[in-house]
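What follows is the residue order along each chain.
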Amino acid sequence: MRNILIIGIGAGNPDHMTVEAIAALNRADVLFIPDKGEEKAALRHLRETICARFIRAPGYRTVPVAIPCRAEAGNDYQGVVDDWHARISESYRALFETELAEGQTGALLVWGDPALYDSTLRIMERVAASGLALDWQVYPGISSVQVLAARHRIPLNGIGTPILFTTGRRLGRGFPADQDSVVVMLDGEQAFAKVDPAGLEIFWGAYLGMPDELLLAGPLAEMAPRIAEVRAEARARHGWIMDTYLLRRRTVA
Ligand SMILES: C[S@@+](CC[C@H](N)C(=O)[O-])C[C@H]1O[C@@H](n2cnc3c(N)ncnc32)[C@H](O)[C@@H]1O
């Protein structure tokens, strides 16, 4: 049996590692460092910094994991993602078999929290279902959404009301009529600028927890053009951007 520790490492600030996550890091024989195309060198560097800062025993072993690219989604989003996950599962299985001996422990360093818009846990189920004898444990991390709320000094939900977590792709269809508070992630298309801004306010953050953190907030009608401009400039300067935001009806506080 091989054992895998799925460790949430926070969304860009090594100070956001939990004590439990640091202890888990120190139990691993091999650290698998995902290298996604969309996650640029700066993000891979954060994982390496975390290992160097928190792992006590010298000479720990890291193994880069090349994450295959996803095909363009087109009309079959679920099918394309399913195919992509199948390919990632195969490459994880091959790595676990070749890089870990029976009885050894590996660690996967997952951005933010593994439960939020991350498929590592789904992929682990697939690897186990493929017949490899495997156990795994999950260590929660500070998500970009928690950092967003902390920086803006706001609760995510109104009193006694629900929050919807969604993607830019879905928000592009319109602000849900039955929701007051909507957290949006994975928005490469500035969907906030496509919804009817009447009565909405936005709390936006990019590079949250990182030295280049950006924060903007205010009525959506006023802020949408400003955020689009700041976002485009920052993206051009860094070559990549990760941003998250809360949209809420102004009547909710
Ligand atoms: C694949 S999801 C992973 C989310 C991650 N599991 C989490 O808990 O934050 C990537 C999305 O998370 C958000 N995100 C992650 N890190 C961020 C950061 N440092 N600043 C702003 N948004 C971030 C962005 O919306 C990005 O498109």
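**Student:** Even after reading the chapter, I still don't get the nonpolar core, so can you show me in this structure?
**Tutor:** Burial of nonpolar side chains together is a common tendency in soluble globular proteins. Among the nonpolar cores identified, the biggest contains 46 residues, and Ile7, Leu25, Ile202 and Tyr245 are the most heavily contacted of them. In terms of residue count, helix 7 (residues 220-238) provides more of this core than any other element does, 6 residues in total. Both domains that furnish three or more residues to this core are identified here as domain 1 (2-139) and domain 2 (144-249). Val30, Tyr92, Leu100 and Ile123 belong to the second-largest nonpolar core, a separate cluster that totals 20 residues.

**Student:** I tried to follow the side chain of Thr167 on my own but got confused; where do I start?
**Tutor:** Looking at the secondary structure, you find Thr167 in strand 6 (residues 163-167). In this structure Thr167 touches Tyr117, Val184, Met185 and Leu186, once residues within four positions along its chain are discounted.

**Student:** Hey, could you run me through the sheet that holds strand 9 (residues 214-219) in this one?
**Tutor:** Strand pairing in a sheet is mediated by backbone hydrogen bonds. Such pairs are either parallel or antiparallel. Read across the sheet, 5 strands follow the order 6-7-10-8-9 without closing on themselves; strand pairing throughout is mixed. This sheet does not close on itself; its edge strands, each paired only once, are strand 6 and strand 9. The average undirected angle you get between the axes of adjacent strands in this sheet is 15°. Bridge count for strand 6 against strand 7 (residues 181-185) is 5 bridges, and the pairing is parallel. Looking at the pairing, Ile163 lines up with Ser181 of strand 7. Here helix 5 (residues 144-152) sits on the sheet in contact with strand 6, strand 7, strand 8 (200-206), strand 9 and strand 10 (243-249), set at roughly 115° to strand 8.

**Student:** Honestly, unusual backbone geometry in this entry has me stumped. Any pointers?
**Tutor:** Most peptide bonds take the trans configuration, and most residues that are not glycine carry a negative phi. Phi is positive for Arg153, close to 60°, though the residue is something other than glycine. Tracing the backbone through its elements, the reader meets Arg153 in the loop between helix 5 and strand 6. We note that Tyr207 has phi near 50°; this positive angle belongs to a residue other than glycine. Here Tyr207 is to be found in the loop between strand 8 and strand 9. A relative accessible area of 2% places Tyr207 in the buried class.

**Student:** Could you clarify how one ought to interpret the environment of Thr166 in this entry?
**Tutor:** For Thr166, the location among the structural elements is in strand 6. For the pair formed by Thr166 and Arg248, sequence separation is 82 residues and the distance between their alpha carbons is 13 Å. In this structure, Thr166 is in contact with Tyr117, Val182, Val183, Val184 and Met185, ignoring residues within four places of it in sequence.

**Student:** Please clarify how a positive patch on the surface should be interpreted in this entry.
**Tutor:** A cluster of like positive charges, contributed by Arg70, Arg169, Arg170 and Arg173, occupies part of the molecular surface. Checked against the element boundaries, Arg173 lands in the loop between helix 6 (168-171) and strand 7. For Arg173, a relative accessible area of 64% gives the class exposed.

**Student:** Would you take a moment to explain the domain arrangement of the chain for this structure?
**Tutor:** Where interface size is given, it is often the accessible area lost as the parts come together that is meant. Taken as a whole, the chain is organised into domain 1 (2-139) and domain 2 (144-249). On a C-alpha basis, the centroid separation for the pair domain 1 and domain 2 is 27 Å. The interface of domain 1 with domain 2 comprises 12 residues on the first partner and 16 residues on the second. Taken together, both faces of the contact between domain 1 and domain 2 bury some 1200 Å²; the carbon and sulfur share is 71%. A per-residue breakdown of the area domain 1 buries against domain 2 is headed by Ala11, Leu116 and Tyr117, which together make up 42% of the total. Counting every contact that joins domain 1 to domain 2 gives 0 salt bridges. At the surface where domain 1 touches domain 2, the tally comes to 1 residue pair in polar contact (both at pLDDT 80 or more).

The rules behind the values
- Residues numbered from 1 in each chain as written.
- Predicted model: local features only at pLDDT ≥ 70, side-chain atom pairs only at ≥ 80, totals over all residues.
- Heavy atoms only, no water.
- Core = buried A, V, L, I, M, F, W, Y, C linked by side-chain atoms within 4.5 Å.
- Buried < 20%, exposed > 50% of the residue type's maximum accessible area, 1.4 Å probe, protein only.
- Helix = DSSP H or I, 4+ residues; strand = E, 2+ residues; numbered from the N terminus.
- Domains from an automatic or database assignment.
- Contact = heavy atoms within 4.5 Å.
- Pairing = 2+ DSSP bridges.
- Axes fitted to C-alpha atoms, helices over the stretch in contact; angles between N-to-C directions.
- Patch = residues over 30% accessible without salt bridge, like charges linked within 9 Å, V, L, I, M, F, W, Y side chains within 5 Å.
- Areas by Shrake-Rupley, 256 points an atom, 1.4 Å probe, with all protein chains shown as cover.
- Salt bridge = Lys/Arg side-chain N within 4 Å of Asp/Glu carboxyl O.
- Lys, Arg positive; Asp, Glu negative; His and termini not counted.
- Charge placed at Lys NZ, Arg CZ, Asp CG, Glu CD.
- Buried area = accessible area lost by both parts, 1.4 Å probe.
- Polar contact = N/O pair within 3.5 Å; in protein donor to acceptor, adjacent residues only side chain to side chain.

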